[in-house]
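Topology and contacts: notes
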Amino acid sequence: MSAEPTTKSLVCPVDHGGGTAQPTERRAVPATRFSTRTMTSEVLRRGFGREDGMVARLEGHDFARWRIGQRRWVSIQHPDDIDHVLHKHRENYPKSPDYEPLRGVLGLSLFTDDDPSWSRHRKMLNPKFQKRHVDALLPLMVGTVLEFRETLDNLPDGSEVEMVGLMTDLTLEVAGHSLFSQSFRGYFGDDTAELITEGLRKGTWLSRIFFLVDPPRWMSSAVWKVMHSRKIPTPPPFNRFQKVARVIDGAADKVLRERLAHPSDSPDLLNLLLEVADDDGPLTPDRTRAEAISFMLTGYETTANAMCWLWYLLALNPDARQRMLDEIDSVLQGRVVTLEDVPKLQWTTACLEESMRIFPPVWMITREAVEDDVIGGHPVKAGETVAIVIEHVHRDPRFWPDPGRFDPSRFLPGADRDRPRSSYLPFGGGKRICIGRNFALLEAVMLTATLSQNHVFDLVPGHQVEAETTFTLRPRQGIQMIARRRDQ
Ligand code: HEM
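Residues numbered from 1 in each chain as written. Predicted model: local features only at pLDDT ≥ 70, side-chain atom pairs only at ≥ 80, totals over all residues. Heavy atoms only, no water.

For the rest of this paragraph, the subject is the pairing of strand β2 (residues 63–68). Of all the six residues making up β2, five are buried; the element is thus mostly covered by neighbouring parts of the structure. As judged from the two bridges shared by strand β1 (residues 32–33) and β2, these two strands associate in the parallel manner. From the neighbouring strand, Arg33 faces β2, where its bridge partner is Arg65. Pairing of β2 with strand β3 (residues 71–76) involves six bridges; the strand directions are antiparallel. Paired with Ala64 across the two strands is Ser75, which belongs to β3. A loop of two residues connects β2 with β3, the two strands running antiparallel in sequence, and Gly69 in this loop sits at a positive phi of about 60°. (Buried < 20%, exposed > 50% of the residue type's maximum accessible area, 1.4 Å probe, protein only. Helix = DSSP H or I, 4+ residues; strand = E, 2+ residues; numbered from the N terminus. Pairing = 2+ DSSP bridges.)

This part is about the site of the ligand. Not every one of the 25 residues close to the ligand is listed here, only the nearest: Tyr99, Arg122, Arg367, Arg432 and Cys434. Contacts to the ligand include Trp118, whose side-chain N or O atom sits 2.8 Å from an oxygen atom. Residue Arg122 places a side-chain N or O atom 2.7 Å away from an oxygen atom belonging to the ligand. When residues of the shell around the ligand are traced back to their parent elements, those giving at least two are α5 (117–125), α13 (285–316), β7 (364–368) and α17 (437–454). Taken together, the residues of the shell around the ligand sort by class into 15 nonpolar, six polar and four charged. (Near = heavy atom within 4 Å. Polar contact = N/O pair within 3.5 Å; in protein donor to acceptor, adjacent residues only side chain to side chain. Nonpolar A, V, L, I, M, F, W, Y, C, P; charged D, E, K, R; others polar.)

The description of an aromatic ring pair rests on the distance of the ring centres and on the angle between the ring planes. Scanning the model with the defined rule gives nine aromatic pairs in all. A ring pair is formed by Trp66 and Trp73, whose centres lie 5.7 Å apart and whose planes are at 10°; its orientation type is stacked. Taking the relative accessible area as the measure of exposure, Trp66 reaches 4% and is therefore buried. Residue classification places Trp73 among the buried residues on the basis of a relative accessible area of 2%. Aromatic pair Trp309 and Phe359: ring centres 3.9 Å apart, planes at 20°, arrangement stacked. Of the two residues, Trp309 is situated in helix α13 and Phe359 in the loop between α15 (346–358) and β7; the sequence distance between them amounts to 50 residues. Comparing Trp309 with Phe359, the two get one shared label, buried. One aromatic cluster is present, built from ring pairs that chain together Trp309, Tyr312 and Phe359. One residue, Arg419, lies across the ring of Phe411, its end atom 5.0 Å from the ring centre. (Phe/Tyr/Trp six-rings, centres within 6.5 Å; stacked < 30°, edge-to-face > 60°. Lys NZ or Arg CZ within 6 Å of the ring centre and 35° of its normal.)

Moving on, we get to the coordination of the iron atom of the ligand. Looking at the iron atom of the ligand, one finds just one donor atom contributed by the protein, Cys434 (SG), at 2.3 Å. Note that Cys434 resides in the loop between α16 (390–393) and α17. (Donors = N, O, S within 2.8 Å, 3.2 Å for Na, K, Ca; no water.)

Next up on the list: the pattern of salt bridges. Summed over all chains, the structure comprises 28 salt bridges. Arg410 is paired through a salt bridge with Glu354; the nearest N and O atoms lie 3.0 Å apart. One end of the pair, Arg410, is in the loop between α16 and α17; the other, Glu354, is in helix α15, and 56 residues separate them in sequence. Both residues of the pair, Arg410 and Glu354, belong to the buried class. With a closest N to O distance of 3.1 Å, Arg405 and Asp402 form a salt bridge. Residue class for Arg405 comes out partly exposed when judged on its relative accessible area of 24%. Taken together, the salt bridges that share partners define one network made up of Arg90, Glu91, Asp115 and Lys431. (Salt bridge = Lys/Arg side-chain N within 4 Å of Asp/Glu carboxyl O.)

For the rest of this paragraph, the subject is the sheet that holds strand β11 (residues 455–459). Spatial ordering of the open sheet is given by β4-β14-β11, a layout of three strands whose pairing is antiparallel. Each having just a single partner strand, β4 (159–162) and β11 make up the two edges of the open sheet. Pairwise comparison of adjacent strand axes, ignoring direction, gives a mean angle of 40° for this sheet. Judged from the four bridges that link them, β4 and strand β14 (residues 480–485) form a sheet pairing that is antiparallel. Across the sheet, Ser159 pairs through a bridge with Ala483, a residue of β14. (Axes fitted to C-alpha atoms, helices over the stretch in contact; angles between N-to-C directions.)

Among the surface-exposed residues, Arg33, Arg67, Arg72 and Lys381 lie close enough to one another that they form a single positively charged patch. Secondary-structure assignment places Lys381 in the loop between β9 (378–380) and β10 (385–389). (Patch = residues over 30% accessible without salt bridge, like charges linked within 9 Å, V, L, I, M, F, W, Y side chains within 5 Å. Areas by Shrake-Rupley, 256 points an atom, 1.4 Å probe, with all protein chains shown as cover. Lys, Arg positive; Asp, Glu negative; His and termini not counted. Charge placed at Lys NZ, Arg CZ, Asp CG, Glu CD.)

All right, on to the packing of α5 against α13 then. Put simply, α5 and α13 touch, their axes get as near as 13 Å, and they point 75° apart. Classified by the angle their axes make, α5 and α13 are roughly perpendicular. Residues Ser117, His121 and Leu125 of α5 touch α13, and the partners they reach there are Arg287, Glu291 and Phe295. Here the contact of α5 with α13 is composed, by residue class, of two nonpolar, two polar and two charged. (Parallel < 35°, antiparallel > 145°, perpendicular 65-115°, else oblique. Contact = heavy atoms within 4.5 Å.)

Put into structure tokens, the structure is as follows:
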């Protein structure tokens, strides 16, 4: 259980001193100030650079500030300060303009909306993501995963597989079935994973330019709208990004039109969206479409990454993996997983949670201060962007002793008694916490248990895995693994 992942991304560049958790301790240190020149050149040369660039510099600093162009940034890492921003003074910290690119792609939906419209829609949609509704989606998910497992069963024992592609296909299918009771395979094509990877890379590249130039909101919004437009063609490389957006839009449009023409009584999320209403009426058709696209996009890529990192860390930690396989065998006894089994898969769930600690699929969130404020004794001015690098929070040795070690027992029931709530944020926190977290956890545990019944995945010897920060944290060159059949 103690093997250290080989990727250098897990070696924290900062000496935090010691490895003992002291949850209530605050470091009485002044704010760290980074020069504009240093941070600008980091972004120019290396992008956001989680290993050796701008983001890496922030690790280990409870409060840092810097400026790029006209834009002023602060980053916070202490859970008390994160609590301040995400919970106690959350009204002062709406999402920052960095979510603008996503608005171009996702449209105006929960993920990209702001108050008061956000509050109204979140209130309408929250009940639909309660456990009983999400649980009802399990049968829609399981069938897809069993089908996928059969494909793996038909491969020769010891076949090489590329996990990012496989998990992307699989979570896209699960999203298609649980959102729309439909397969998306017909809409996308064999190059889906590559298209999405490229779309994310180009999107991140574009947002890096915006980050440096810092145009007014209306201008960036207009550019992203053009990127996303179906009518205005754009030159390479933007046309690739546009293609991804078009495919997704087209699929969602078609599915929605079909559902409106032929209503069904499926418990899928689309029907839940069509049902919701408050005193001001139901969701508009545009909003229904945007929410559906947003659930699909925010849901499947994050879950695919979570799964990839889990398989990777399990391969590096065979003791933890064996304990997980024993648990799955003993709980399921060779049966198909049911809702009653899920709470019994405690070690499996803990492996997933520990994996999202080490490699959080969403690695950073940002907010913008509306009014002047003080965070942890440090003044923050209206208009400043507050960055929370989730990955750094998850590797802070004050709260996570020996943070580079994969140790799922951190997440067994009772183990987190002394941990501050904002020391673990794979799904964010406060009022903007991920609405799909129950869905994602259910899907990931079911998927892990179902695939592990028949296979274990080992790393191809010599294959180096490196993490890349696009909007999500993904394996840069994919993860080459060997699918070995299990004899039960
Ligand atoms: C492992 C999988 C997932 C991870 C790691 C994840 C992570 C996150 C994070 C960190 C946020 C907060 C962003 C912020 O505060 O700026 C978020 C928000 C959100 N997520 Fe997820 N997510 C996952 C799966 C899903 C799924 C399956 C769905 C939908 C079915 C979903 C839908 C959303 C939506 C709509 C929001 C915006 C909520 C709001 O602002 O009201 N996510 N997610």
